[in-house]
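Read off the chains here:
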Amino acid sequence: ADGAATGNVAIWNSVRGEDGRASTSKFQVFLWTGVVIFGYVAVLAVRWKAGQTETLPDIPQNVLVTLGLSSGTAVAARVITANAVGTGTTVKEPPVSQRGLAPIFQNDADQPDIGKIQLVAWTFIAVAVFLAGVLRIISDGATDASLPDIDPTLMVLTGLGSATYLGKKLVTTTTPTIASISVDELTLRE
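Bear in mind that the values here come from a model prediction, so they are computed numbers and not experimental data.

Asks: I tried to follow the pattern of salt bridges on my own but got confused; where do I start?
Replies: Within the structure shown, the criterion is met by two salt bridges. Residues D110 and R21 are paired through a salt bridge, measuring 2.8 Å at the closest nitrogen-oxygen approach. Residue D110 is found in the loop between α4 (61-87) and α5 (114-140), and its partner R21 is found in the loop between α2 (10-13) and α3 (24-49); the two are separated by 89 residues along the sequence. Residue class for R21 comes out buried when judged on its relative accessible area of 5%. The partner of K168 in a salt bridge is D113, with the nearest N and O atoms 3.6 Å apart. Residue K168 is found in helix α6 (residues 152-171), and its partner D113 is found in the loop between α4 and α5; the two are separated by 55 residues along the sequence.

Asks: Honestly, the environment of G17 in this entry has me stumped. Any pointers?
Replies: In this fold, G17 is placed in the loop between α2 and α3. As for G17 and F27, which are separated by ten residues in sequence, their C-alpha atoms are 9.9 Å apart. The contact partners of G17, leaving out residues within four places of it in the chain, are S23 and K26.

Thresholds, definitions, all that
- Residues numbered from 1 in each chain as written.
- Predicted model: local features only at pLDDT ≥ 70, side-chain atom pairs only at ≥ 80, totals over all residues.
- Heavy atoms only, no water.
- Salt bridge = Lys/Arg side-chain N within 4 Å of Asp/Glu carboxyl O.
- Helix = DSSP H or I, 4+ residues; strand = E, 2+ residues; numbered from the N terminus.
- Buried < 20%, exposed > 50% of the residue type's maximum accessible area, 1.4 Å probe, protein only.
- Contact = heavy atoms within 4.5 Å.

Structure, rendered in structure tokens:
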């Protein structure tokens, strides 16, 4: 079957965790990376179209911090999960079916996870505001166009979402349980 039809598009595989489910923290890194690259290329094109080809646009400090925050969240989430799996406090089962991006909002039991919802919601809001700034810059077409900065309040809210997400990962454990016991049939001899 076609890769796109079966959901195995290679670029989306970069947001999958080790268990095959979409990873919230990897999705956040993927989203911010794509948006910042789009914004940078758009600003560069506006500058070149306006005749400014001598210097490259700067990347604002808060944009760099946000990229670092999302990357740091993904690394920390991976370390926490690997440690939990390694010590046996969490068991990561492969998904029964591929559910697209739904797991970025759900825990491993497919229930809504408030930490994940908060992280993704603030990320979407910050990305939307950032993209609106990029679109305004594109429409202005100034020779000195530069990437918009990310509002400090949105950075704090996104950071709190990351802290909530990571904190929940630190304290949530899935204790392995015995689902069934099977005893081989014994043969009695007289």
